[in-house]
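Chain and residue survey
Each chain is listed here by its residues.
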Amino acid sequence: MAFTGELAISTRGLRKTYRRLNGSKHVAVEGLDLDVPVGGVHGFLGPNGSGKTTTIRMLLGLIRADQGTMRVFDQPVPARLPDVVGRVGAIVEQPKFFPNFSGRRNLLLLAGAIGADSRLVEVVLGDVGLADRAKDRYRTYSLGMKQRLAIAATLLKDPDLLIFDEPTNGLDPAGIREIRDVMRGLAGRGKTVLVSSHILAEVEQVADTVSIIARGRMIADGRVSDLLGTGAARTVRVGVAVPGTAGSLLEAQGWTVRRDGHQLLVDGAPDPARITEILARQGLFVDELTPVKVDLESVFLELTAGQGPGTRPPDEHPHGRRAAGSDS
Amino acid sequence: MRPLLRAELARTRARSFVWFVAILAAVAGLGFVAMAWDDTRPPTAAQVRAAQDEFARAQAEWDRTGDDRVAQCREVEEQTREEHPDADLLCDQLAPVVEQFLPYQSQLEELGVQRLEPVTVLVVLAMLAIGVSLVSTDFATGAMSTWLTFAPRRGRVFASKACAVLVAGLPIGVLVVGTVAGGIVAVTTWNGAFGEPGSWFWQEYLGLAARQISAGLWAGLVGVGLAFALRHAAAVAGLAVWWVAATESALPVLLPVARGATLSTNLVAWTTGGTSYDVPECVPDPSTVTGEVCQDVAHVVSTAQGGLVLLAVALVVLGTGLLVFRLRDVT
Ligand SMILES: Nc1ncnc2c1ncn2[C@@H]1O[C@H](COP(=O)(O)OP(=O)(O)OP(=O)(O)O)[C@@H](O)[C@H]1O
Ligand SMILES: [Mg+2]
């Protein structure tokens, strides 16, 4: 298990096969063990067609799993879904509301149907910045407004777990930022947010933990910081007056050192502070020490290389790498 | 369940298709009102003039030959009375009257039921379409999947749809059947053909209207069940066309006994208070050319039997719909 502690979502050996029109079978999710710890934002990443939406639909009981078990807040789903659904707010792909009703009316209708307090409607409309367009018909909404309304709808239940499947699809940068803020705000209030995306940059900034899947299989999961550490070796840029001497000293520690002009690029140092320490002991003073930014994107691309749609199916976990993201 | 139903009803009310079909059916029903109006239309001035001309000519003829014809009549009457002492040939009523030359004006009592009966088809088709659309639209737009993420108990979602079609179907049925039933009474009265309908007439007429409304509700339920089972409106339409062609039309031709099992027979039996159909039954008879003698035997389908068959069909279709809905993926 990748995460210790309480889990909001936990799946084991989850498998889903779709039957194609020509009768052949297509494995969308294969043996997926997904763990989402309680609290914080959990990114659920994977290229297009990797099975993110399929997994979420199984969790919500919209489609049946062929194999495997799923638990949400420790309740087996879909068997006990009705009991936990009150704690879960979800949007899957592009949610569809009633086109002839205004945004507000749609929410009031939903609130009535799920037994939520109708006074919450105005609150959640404000939360997603839709208050001044709430009286317009849903069918006149832009993509971004529809997405916001969907998020507002999930907030009606004041759920403990929010599942957002590609919530920022079709949003402009300002909209993306707003949604991100909403997600952070929710996490800040102690909620668990599972957000799926194929756009890394979007999730990297909000997610505490991530799961990366490709072709229906888990290829890496853990804390973002750990994944960044394991994805590409951590590189630190070091600026010193005498790079030659400093380079030899650092190489003597078993680290890889490259010259970059007057500076050094050091790979493999467990902690940048150690570099300063070693050099200072020899009277060499560091005038620059910056970690070279490794973004999730490059980790993601590396991990999922050759696993996008239309490529050859990979062997079992080709990279053999699973970040052991301990919560300690 | 109650909150779901309330939401479902609000959505049903807001569907323009529902309104469109309901109004279309009511307007189409006006055709039967127009027929009743035509049946009971009082003679036009031209018809009256023509009748008077005819009458004048007949009267002139009568003035010439009337006495002879009455005498002739009496003679025949005398002869007939030798065998049948009570015979009365109405020889004193042979003189022409003007009504003879005017088109016959039916009375409400004679035509009301006959003109109202075909409305069954209208109500059934309209409610079927509405029932199907309530469900298939949600599948087509993806609203079903969104709805289920909020209300995952599929049995309840199914039940709320089924109840919504009943609650919405009642006013629609009343609108369509009421338009025609009320319209027929109104136009016959307007045409002065209201007559003096007996209580038996009202019983039959209003009973027919009520059972037509119930047949509409039945069709709405069947529509909901079929749509849950097949999801696409086009698939339901295809099935309906196939059913009408194969089971309702072709099968009884090939197998006359099957007529008793068709939906049309049972619908007619339920709405009109029983019906019957003929099945030729043959016994071997070597003395004839074909080697057998055939005779049509009437089979009666009672109101209750028709109602029970419809009920059974609705239960089977709803059960299938529920089963499929509970088991199949919704994406
Ligand atoms: N209803 C369906 N019938 C058949 N195949 C399907 C169906 N839905 C999804 N698939 C297939 O299952 C695989 C996983 O699809 P899924 O929608 O779960 O991917 P995803 O990770 O959500 O992708 P995206 O980032 O594009 O949303 C894809 O290959 C897709 O073609
Ligand atoms: Mg998806």
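Note that the structure is a prediction, hence the values are computed from the model and not measured.

Examining the pattern of salt bridges
All names here are of chain B. Enumeration according to the criterion identifies 30 salt bridges over all chains in this entry. Put simply, Glu8 and Arg11 hold a salt bridge, and the shortest N to O gap is 3.9 Å. Of this pair, Glu8 and Arg11 both sit in helix 1 (residues 2-13), three residues apart, which is roughly one turn of that helix. Each member of the pair Glu8 and Arg11 is classed as buried. Residue Arg57 is joined to Glu54 by a salt bridge in which the shortest nitrogen-to-oxygen separation is 3.2 Å. Of this pair, Arg57 and Glu54 both sit in helix 3 (residues 45-83), three residues apart, which is roughly one turn of the helix. According to the relative accessible area criterion, Arg57 is exposed, its value standing at 53%. With a relative accessible area of 36%, Glu54 lands in the partly exposed category. Through salt bridges with shared partners, one network takes in Glu8, Arg11, Arg15, Asp138 and Lys161.

Description of the site of ligand 1
Residue and element names in this part refer to chain A. In the region of ligand 1, 13 residues are neighbours, and His26, Gly49, Lys52, Thr53 and Thr54 sit closest. In the environment of ligand 1, an oxygen atom lies 2.7 Å from a nitrogen or oxygen atom belonging to the backbone of Gly49. One of the backbone N or O atoms of Ser50 is found 3.2 Å from an oxygen atom in ligand 1. Taking 630 Å² as the accessible area of ligand 1 by itself, protein coverage stands at 70%.

A closer look at the sheet that holds strand 8 (residues 161-165) of chain A
Residue and element names in this part refer to chain A. Reading across from one edge, 7-8-9-4-10-11 is the order of the six strands in this open sheet, with mixed pairing throughout. Each of the sheet's edge strands pairs with one partner strand only, and the pair in question is strand 7 (88-91) and strand 11 (217-223). Put simply, the sheet's adjacent strands are angled 15° from each other on average, direction ignored. In terms of strand pairing, strand 4 (residues 40-45) meets strand 10 (residues 209-214) through four bridges, oriented parallel. Bridging from a neighbouring strand, Gly43 pairs with Val210 of strand 10. Contacts between helix 1 (residues 52-59) and the sheet are confined to strand 4, strand 8, strand 9 (192-197) and strand 10, with strand 4 contributing the most and set at about 125° to the helix. Of the strands in this sheet, strand 7 and strand 8 are in contact with helix 5 (residues 143-155), which crosses strand 7 at around 165°.

With respect to the UniProt feature "transmembrane region" (unreviewed entry) in chain B
Residues and elements named next belong to chain B. Feature annotation in UniProt assigns "transmembrane region" (unreviewed entry) to the following positions: residues 16-37, 121-150, 162-188, 208-229, 236-258 and 306-325. In residues 16-37, helix accounts for 100% and strand for 0%; the two terminal C-alpha atoms are 31 Å from one another. A distance of 38 Å separates the end C-alpha atoms of residues 121-150, which is 97% helix and 0% strand.

Considering the packing of aromatic side chains
All names here are of chain B. According to the stated counting rule, one finds 14 aromatic pairs over all chains in the structure shown. Relative to Phe228, the ring of Phe139 lies with its centre 6.2 Å away and its plane at 90°, an arrangement referred to as edge-to-face. One end of the pair, Phe139, is in helix 5 (residues 119-141); the other, Phe228, is in helix 8 (residues 199-230), and 89 residues separate them in sequence. Here Phe139 and Phe228 have matching classes, each one buried. Each member of the aromatic cluster is reached from another via a ring pair, and the members are Phe194, Trp200, Phe201, Trp202 and Tyr205. Directly above the aromatic system of Trp147 lies the positively charged group of Arg11, at a separation of 5.0 Å from the ring centroid. The ring of Phe325 is capped by Arg154, whose NZ or CZ atom sits 5.7 Å from the centre of that ring.

As for the sheet that holds strand 13 (residues 256-260) of chain A
All names here are of chain A. Strand order across the open sheet formed by four strands is 13-14-12-15, with antiparallel pairing between neighbours. Of all the strands in the sheet, the pair left with one neighbour each is strand 13 and strand 15 (286-291). The sheet shows a mean angle of 20° between the axes of neighbouring strands, taken without regard to direction. Pairing between strand 12 (residues 235-240) and strand 14 (residues 263-267): five bridges, direction antiparallel. Looking across to strand 14, one finds that Gly239 is bridged to Gln263.

A short note on the domain arrangement of chain B
Taken domain by domain, chain B holds domain 1 (2-41 + 111-247 + 307-327) and domain 2 (45-101). Centre-to-centre separation of domain 1 of chain B and domain 2 of chain B, based on C-alpha positions: 54 Å.

Digging into the domain arrangement of chain A
Here chain A is described as being made up of domain 1 (7-229 + 298-303) and domain 2 (233-293). Spacing between the C-alpha centres of domain 1 of chain A and domain 2 of chain A amounts to 43 Å.

Side note on the interface of chain A and chain B
Taken together, the contact between chain A and chain B spans 28 residues of the former and 25 residues of the latter. Taken together, both faces of the contact between chain A and chain B bury some 2,200 Å²; the carbon and sulfur share is 64%. Of all residues in chain A, Leu62(A), Lys96(A) and Phe98(A) give up the largest surface area on contact with chain B, accounting jointly for 25% of the area buried on that side. Along the contact surface separating chain A from chain B lie one salt bridge. In this structure, Asp329(B) engages Lys16(A) in a salt bridge whose closest nitrogen and oxygen atoms are separated by 2.5 Å. Across the contact surface, chain A and chain B share eight residue pairs in polar contact (both at pLDDT 80 or more). Contributing elements (two or more residues each) for the side of chain A that touches chain B: helix 2 (81-84), helix 3 (103-114) and helix 5 of chain A.

Rules and cut-offs
- Residues numbered from 1 in each chain as written.
- Chains lettered and ligands numbered in written order.
- Predicted model: local features only at pLDDT ≥ 70, side-chain atom pairs only at ≥ 80, totals over all residues.
- Heavy atoms only, no water.
- Salt bridge = Lys/Arg side-chain N within 4 Å of Asp/Glu carboxyl O.
- Helix = DSSP H or I, 4+ residues; strand = E, 2+ residues; numbered from the N terminus.
- Buried < 20%, exposed > 50% of the residue type's maximum accessible area, 1.4 Å probe, protein only.
- Near = heavy atom within 4 Å.
- Polar contact = N/O pair within 3.5 Å; in protein donor to acceptor, adjacent residues only side chain to side chain.
- Areas by Shrake-Rupley, 256 points an atom, 1.4 Å probe, with all protein chains shown as cover.
- Pairing = 2+ DSSP bridges.
- Axes fitted to C-alpha atoms, helices over the stretch in contact; angles between N-to-C directions.
- Contact = heavy atoms within 4.5 Å.
- UniProt positions renumbered as here; feature names shortened; annotations may be inferred.
- Phe/Tyr/Trp six-rings, centres within 6.5 Å; stacked < 30°, edge-to-face > 60°.
- Lys NZ or Arg CZ within 6 Å of the ring centre and 35° of its normal.
- Domains from an automatic or database assignment.
- Buried area = accessible area lost by both parts, 1.4 Å probe.

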